[in-house]
Amino acid sequence: MKRTLGVPLLLAKILAVGFAVALAAPGSAPAAAAASLQPLSTNDFRATESSADRDSGTFARSATMIEFSAEAKSAVAAEVSLSVAGKKFTASKDISKGVANWSGGGASLQPDERTALGAFAKSLESSWVKPANAAKTPVSLHRDLTIRLAMLVAEAPVGTKIGNLEVPRPVERYGQPKVPDMKLAAESCVKEGTSVTAPNSAARSAVLAACQQSNEDGILYTGCNENAWVVHDADSHCFLGESIYVGPASYDCMGKCGGGCFIITGYTYDCADHDRCGREHGGSTNPWDAECGDEYFEADDDFLYSSNQCG
C-alpha cells in the first residue's frame, strides 16, 4: 500500500533537503541582501539623524511603520512630521507667537496604528526624556513637540478624521471648574430632535451629534491626587458630570494628557473629561467607539501646551 506523508513530516523533509542544498551550494548571498529579508522587530526604534536642532528616523511595531522628522526652526519654533503607515501628520509650534498648528490631512487611524504611536511615544520617553532629566537639562523644543504630537494623535478615536487645526496658547489656570449649566439645554435639544426624527435614521444621528455640548476649559489643571468634577456627553446620553479620582495615584493616571503616566504633559480637566468618556464608552477597550470626538479635540491645547504639575 502506498503511504502518504502527513503535512508536518512532509514539511520537515522539505526543510531538511533545502538546508542540505544550502550547505552544499558554493558561496553565499551578500550580507546586505540577507539583512533586507529580516523582519523588523517589535518596537524597533532607529535614528537616522540626531543633532541639536534636528532628529529623524523610524519606529516599527509589528506591521506598522512610523517615519519621523523634527527640526528646530529657531530657539522658539519647531516643526514635526510623522508618517504612520503612510498617513502624514504634522505639527508646528512658535512660542514667541503663542500658536501651534497640527494636521492629519483628513486621515484617520486604525487600532494597530494608534497602538504603534503610543509605543513610539514611550520609546521617545526612554530615548530623549529620561536622559535629559538625568542630566537636568530641558528637552529640546523639536523633540518635545514630536512626543506631544505622537501622544495626541495616538489618542484620536478610531475613524475620527483629523483636519487642520490652529491652537493658540491658552491661559493656564488652577482650581475647580464651574459646574456647567448645560445639562438641561442638552436634554431639551435631544428631546426636541428625537420628537421629529425617526429612530436609527441619519437625521436622528445628526441631531444627536448637534446636541453635544462643548466644555472647553483651556488649560485648567486638576489637583494631583483628588476628586475632580469631570463631564462628557455622547450619542447615547446628554451631558454627564461625575466626581472622579485623578492624579498620579489614580488608576492609569486618570486626567493625564496622553496614555498612561507619561512625563511631559499635565493633569487637566479636558484630558480627564476625555479619559472618562473613553472608559465609559469603550474608547479604552473598544477601539471602534468614536463617541468622544468632541472631548478629544477640546483637549488638543492641553496636549500641546500643558506641563506636568504633579512631577
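The model shown is predicted, which means the values in this text are computed figures rather than measured ones.

*Asks:* Outline helix α4 (residues 141–154), listing residues and values.
*Replies:* For α4, which comprises 14 residues, the first-to-last C-alpha distance of 20 Å matches the rise-based estimate of 20 Å (1.5 Å per residue) to within 8%. With 14 of 14 residues buried, α4 lies mostly within the body of the structure.

*Asks:* Please provide a residue-by-residue account of the packing of helix α3 (residues 111–134) against α4, values included.
*Replies:* Orientation of α3 relative to α4, taken along the N-to-C sense of each, is 155°, at an axis distance of 8 Å. Judged by the angle between their axes, α3 and α4 are roughly antiparallel. The element α3 and its partner α4 pack so that their crossing is left-handed. Residues Arg 114, Leu 117, Gly 118, Phe 120, Ala 121, Leu 124, Trp 128 and Val 129 of α3 form the contact with α4, whose participating residues are Arg 143, Thr 146, Ile 147, Ala 150, Met 151, Val 153 and Ala 154.

*Asks:* Mind laying out the environment of Thr 265, listing which residues take part and the relevant values?
*Replies:* With respect to the helices and strands, the residue Thr 265 is situated in the loop between β11 (237–246) and α7 (269–280). With a relative accessible area of 0%, Thr 265 lands in the buried category. With near-sequence residues (within four places) excluded, Thr 265 lies in contact with Arg 148, Met 151, Lys 256, Cys 257, Phe 303, Ser 306, Ser 307 and Asn 308. In this structure the side chain of Thr 265 is engaged in a polar contact, spanning 2.4 Å, whose partner is the backbone oxygen of Cys 257.

*Asks:* Could you give an account of the pattern of salt bridges, naming the residues involved and the relevant values?
*Replies:* Should the charged atoms of two oppositely charged side chains come close, the side chains can pair. Under the defined criterion, the tally for this structure stands at 9 salt bridges. In this structure, Asp 44 and Arg 46 form a salt bridge, with 2.7 Å as the shortest nitrogen-oxygen distance. The exposure class of Asp 44 is buried, given its relative accessible area of 12%. Judged by its relative accessible area of 42%, Arg 46 is partly exposed. Each of Glu 49, Arg 54, Glu 71 and Lys 73 takes part in one network of salt bridges that share partners.

*Asks:* Can you tell me about the nonpolar core, naming the residues and giving the values?
*Replies:* Leu 82, Trp 102, Leu 117, Phe 120, Ile 147 and Leu 304 are the most contacted members of the largest nonpolar core, which has 45 residues in total. Here the element with the most residues in this core is α4; it accounts for 9 residues. Excluding residues that lie within four positions of it along the chain, Leu 82 makes contacts with Glu 67, Phe 68, Lys 87, Lys 88, Phe 89, Leu 117, Phe 120, Thr 146, Leu 149 and Ala 150. Of all hydrophobic cores here, the second largest spans 8 residues; its members include Ala 228, Ile 244, Val 246 and Tyr 269.

*Asks:* Quick one: what's the story with the packing of aromatic side chains, residue by residue and with numbers?
*Replies:* Under the counting rule described, the total for this entry stands at 8 aromatic pairs. Taking the centre distance of 5.8 Å and the plane angle of 15° together, the rings of Phe 45 and Phe 68 count as stacked. With Phe 45 in strand β1 (residues 44–50) and Phe 68 in strand β3 (residues 64–74), this residue pair connects regions lying 23 residues apart in the sequence. Relative accessible area serves as the criterion here: at 24%, Phe 45 is assigned to the partly exposed category. The class of Phe 68 is buried, set by a relative accessible area of 4%. Arranged with centres 4.8 Å apart and planes meeting at 20°, the rings of Tyr 174 and Tyr 221 form a pair that is stacked. With a gap of 47 residues between them, Tyr 174 in strand β8 (residues 172–174) and Tyr 221 in strand β9 (residues 219–221) connect regions that are remote in the sequence.

*Asks:* Outline the sheet that holds β1, listing residues and values.
*Replies:* Strands sit in the order β1-β2-β3-β4-β5-β6-β7 across an open sheet of 7 strands; the sheet is antiparallel. Each edge of the sheet is formed by a strand with only one pairing partner; in this case those strands are β1 and β7 (162–168). Looking at each pair of strands side by side, their axes are set apart by 10° on average, direction ignored. Both strand β6 (residues 99–107) and β7 contribute to a ladder of 6 bridges, which runs antiparallel.

Cut-offs used in this document
Counting restarts for each chain: residues are numbered from 1 in the order of the written sequence. Reporting in this predicted model follows two pLDDT cut-offs: at least 70 for local features of residues, and 80 or more for side-chain atom pairs to be given and counted; totals over whole chains, interfaces and linings ignore these cut-offs and use all residues. Water and hydrogen atoms were dropped before computing side-chain values, which therefore reflect all heavy atoms in the structure. Helix and strand assignments follow DSSP, with helices taken as H or I runs no shorter than four residues and strands as E runs no shorter than two, numbered in order from the N terminus. Take the number of residues in a helix, subtract one, and multiply by 1.5 Å to get its expected span. Summary of the burial criterion: residues with accessible area below 20% of their type's maximum are buried, those above 50% are exposed, and those between are partly exposed, where the area comes from a 1.4 Å probe applied to protein chains only. Note on geometry: axes are lines fitted to C-alpha atoms, helical ones only across the stretch in contact, with angles between N-to-C directions running from 0 to 180 degrees. Should an angle fall under 35 degrees it is taken as roughly parallel, and over 145 as roughly antiparallel, whereas 65 to 115 is taken as roughly perpendicular and any remaining angle as oblique. Left-handed describes a crossing in which the near helix is turned anticlockwise from the far one by less than a right angle; the clockwise case is right-handed. What makes two residues a contact is simply this: any of their non-hydrogen atoms within 4.5 Å. A 3.5 Å cut-off defines polar contacts: any pair of N or O atoms within that distance qualifies, except that in protein one atom must be a possible hydrogen donor and the other a possible acceptor, and neighbouring residues in sequence count only when both atoms are side-chain atoms. Any Lys or Arg side-chain nitrogen located within 4 Å of an Asp or Glu carboxyl oxygen qualifies as a salt bridge. To define a nonpolar core, start from buried Ala, Val, Leu, Ile, Met, Phe, Trp, Tyr and Cys residues and group those joined through side-chain atoms within 4.5 Å. To pair, rings of Phe, Tyr and Trp, with the six-membered ring standing in for Trp, must have centres within 6.5 Å; the planes then decide the type, stacked if under 30 degrees apart, edge-to-face if over 60, and tilted in the middle. Each pair of strands is called paired provided DSSP finds at least two bridges between the two strands.

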